[in-house]
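Single-letter residue listing:
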Amino acid sequence: MTYSFLQHYWWFLVSLLGALLVFLMFVQGANSCLRSLGWTAEGRRLVVNSTGRKWELTFTTLVTFGGAFFASFPLFYSTSFGGAYWLWMIILFTFVLQAVSYEFQNKLGNLLGPSTFQFFLILNGLLGPLLLGGAVATFFEGSNFIVAKENLIDAGSFTPIISRWANASHGLDALLNPWVLVFGCAVVFLARTLGILYVMNNVADEDIRSRGSVRLLGTAVPFVILFVAYLIHLLLKDGYAYDPATGVIFMEPLKYLHNLVDMWYLFVVLLVGVVLVLFGIIKTIVDKNYVKGIWPAGIGVVLTVTALLLCAGWNNTAYYPSTADLQSSLTIANSCSSEFTLRTMAFVSLLIPFVLAYIAYCWFSLDKKKIDKAEIAHGEAY
């Protein structure tokens, strides 16, 4: 295991965690459709209890994603999480609202009423995917930061800080880039699509399933349009490359298209992922009795997002470009932990398949029985 191999290995793990996070945002997507899927108060409780079984997985994956980035690429963590803190604080705040809403919306003594907390769930369902999608888009579009490693060794420096944001917006300026908004909105509609597919599979209620099949078309079409538009833009835009010998970063025309050509296996994974997503959506719309679309679509999302994130970091590509100072852009080579740290963590990462197997076991144990109105009336419910 060479140092370069470890860098690529850990970027793969981070990319996979990011892809799993995007898939698990079906929780946010379903909550954003709460009032359209659950037309009655009872229907809304069915939807909330369906997503309430899985919301911890999304939040845990978000924390794990951040932890993996911190351990393997600490300079990214300090630059993005420390510099663009307004963006990340808003994301975390909406997730805190989500957790509180699940616990207190139907508790005795709730002075705000269930509708207020359901509004918080909808807010998290819209803002969470939008802002996280925008954060991912900056891997391709760039962010406004400056890295100055010499501050740590400059005895006369009064601010021994490696990286800083180049303006006072601290990350919110990324939303002024229209392509960041396009990608963020694509993630919103993707989450809504996955959320509808999940609820249709998880809730045994004909009214919700019939509503879901109708609303699925209204979320899937905008998602496909936005995603295809951004993918075309990505393949045709100049990308951020670096010379592995010198570390110098430069702009390369059609960089991301070149990456998919050079790493043809990523193109195959991307293509298979897109086909699976479309299959899950179309099959559910066409076949009224088919309610398992979440599985092909979910697997397709994981494959597609993993391929895109690998395309952002592999093949001598700067995965976190700087629009303020090109040479401050982060690569897997100039922002990673030491070889000892990466090697030690690589052995620990061998436990990941066992953790995933346990999560899968718990998932299917919870879903052996579909949620229905009888469980809401007599069982423990949110």
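Because the structure is predicted, anything quoted here is derived from the model rather than measured.

Draft legend 1. Main features of the environment of Ser163. The residue Ser163 is located in strand β2 (residues 163-165) in this model. Taking relative accessible area as the criterion, Ser163 reaches 10% and is therefore assigned buried. Along the primary structure Ser163 and Met345 are separated by 182 residues, whereas in three dimensions their C-alpha atoms are 25 Å apart. If we skip the residues at most four places from it in the chain, Ser163 touches Ser78, Thr79, Ile146 and Val147.

Draft legend 2. Focus on the packing of aromatic side chains. Within the structure shown, the criterion is met by 40 aromatic pairs. When the centroid spacing of 4.5 Å and the interplanar angle of 35 degrees are considered together, the rings of Trp11 and Tyr319 count as tilted. With Trp11 in helix α1 (residues 3-24) and Tyr319 in the loop between α13 (294-313) and α14 (339-348), the pair connects residues that are 308 residues apart, well separated along the chain. In this structure, Trp11 and Tyr319 share a single accessibility class: buried. Ring geometry for Phe117 against Phe120: centres 6.0 Å apart, planes inclined by 80 degrees, an arrangement best described as edge-to-face. Taken together, the residues span about one helical turn, with Phe117 and Phe120 both in helix α8 (residues 114-141) at a distance of three residues. For Phe117, a relative accessible area of 8% corresponds to the buried category. Over the ring of Trp363 we find Lys54, and its NZ or CZ is 4.7 Å from the ring centre.

Draft legend 3. Looking closely at the layout of surface pockets. By volume, the largest pocket amounts to about 970 Å³. Residue lining of the largest pocket: 29 residues in total, with Leu17, Leu20, Thr61, Leu356 and Ile359 positioned closest to the centre. Among the secondary structure elements, those contributing two or more residues to the lining of the largest pocket are α1, α5 (55-72), α13, α14 and α15 (352-366). Classifying every residue of the lining of the largest pocket gives 24 nonpolar, five polar and no charged.

Draft legend 4. Quick look at α5. The terminal C-alpha atoms of α5 lie 26 Å apart, and with 18 residues this matches the ideal 26 Å at 1.5 Å per residue to within 8%. Among all positions of α5, only Trp55, Thr58, Thr61, Leu62, Phe65, Gly66, Ala68, Phe69 and Ser72 are buried. The buried residues of α5 occupy one face: seen down the axis, they fall within an arc of 160 degrees.

Draft legend 5. View of the pairing of strand β3 (residues 239-242). Side chains Gly239 and Ala241 of β3 all project onto a buried face; the interleaved residues Tyr240 and Tyr242 project onto the opposite face, where all are buried too. Where β3 lies against strand β4 (residues 249-252), four bridges are found, and the strand directions are antiparallel. Each bridged residue has a counterpart across the sheet, and for Ala241 the counterpart in β4 is Phe250. A loop of six residues connects β3 with β4, the two strands running antiparallel in sequence, and Gly247 in this loop sits at a positive phi of about 80 degrees.

Draft legend 6. Just the side chain of Glu141, in detail. Checked against the element boundaries, Glu141 lands in helix α8. One buried charge, Glu141, has no salt-bridge partner; the nearest side chain with opposite charge is Lys237, at 4.3 Å. At 2.8 Å, the side chain of Glu141 forms a polar contact with the side chain of Tyr230. The residues touching Glu141, leaving out its near neighbours within four places in the chain, are Asn177, Trp179, Val180, Tyr230, His233, Lys237, Tyr240 and Thr323.

Draft legend 7. Here's a closer look at empty space enclosed by the protein. Under the counting rule described, the total for this entry stands at one cavity of 30 Å³ or more. Reported here for the largest cavity is a volume of approximately 40 Å³. Along the walls of the largest cavity sit Phe140, Phe183, Phe227, Tyr230, Leu231, Leu234 and Leu308, which together make up its complete lining. Ranked by residues supplied to the lining of the largest cavity, first place goes to helix α10 (residues 206-236) with four residues. Taken together, the residues that form the lining of the largest cavity break down as seven nonpolar, no polar and no charged.

Draft legend 8. Here's a closer look at the pattern of salt bridges. According to the stated counting rule, one finds four salt bridges in the structure shown. Close ionic contact of Asp287 with Lys283 constitutes a salt bridge, the shortest N to O distance being 3.7 Å. Look at Lys283 and you get partly exposed, because its relative accessible area is 31%. Note that Glu339 is salt-bridged to Arg343, the shortest N-O span being 2.7 Å. Here the residue Glu339 and the residue Arg343 both occupy positions in helix α14, the gap between them amounting to four residues, near one helical turn. With relative accessibility at 33%, the residue Glu339 sits in the partly exposed group. The class of Arg343 is partly exposed, set by a relative accessible area of 28%.

Definitions and limits used
- Residues numbered from 1 in each chain as written.
- Predicted model: local features only at pLDDT ≥ 70, side-chain atom pairs only at ≥ 80, totals over all residues.
- Heavy atoms only, no water.
- Helix = DSSP H or I, 4+ residues; strand = E, 2+ residues; numbered from the N terminus.
- Buried < 20%, exposed > 50% of the residue type's maximum accessible area, 1.4 Å probe, protein only.
- Contact = heavy atoms within 4.5 Å.
- Phe/Tyr/Trp six-rings, centres within 6.5 Å; stacked < 30°, edge-to-face > 60°.
- Lys NZ or Arg CZ within 6 Å of the ring centre and 35° of its normal.
- 1 Å grid on protein atoms, 1.4 Å probe; cavity = no way out; pocket = protein on both sides within 12 Å on 5 of 7 lines; lining within 4 Å.
- Points joined across faces, edges and corners; volume = space filled by probe spheres on them.
- Nonpolar A, V, L, I, M, F, W, Y, C, P; charged D, E, K, R; others polar.
- Expected span 1.5 Å × (residues − 1).
- Arc of directions from axis to C-beta.
- Pairing = 2+ DSSP bridges.
- Lys, Arg positive; Asp, Glu negative; His and termini not counted.
- Salt bridge = Lys/Arg side-chain N within 4 Å of Asp/Glu carboxyl O.
- Polar contact = N/O pair within 3.5 Å; in protein donor to acceptor, adjacent residues only side chain to side chain.

Read these as layout, nothing more, since geometry by itself doesn't imply function.
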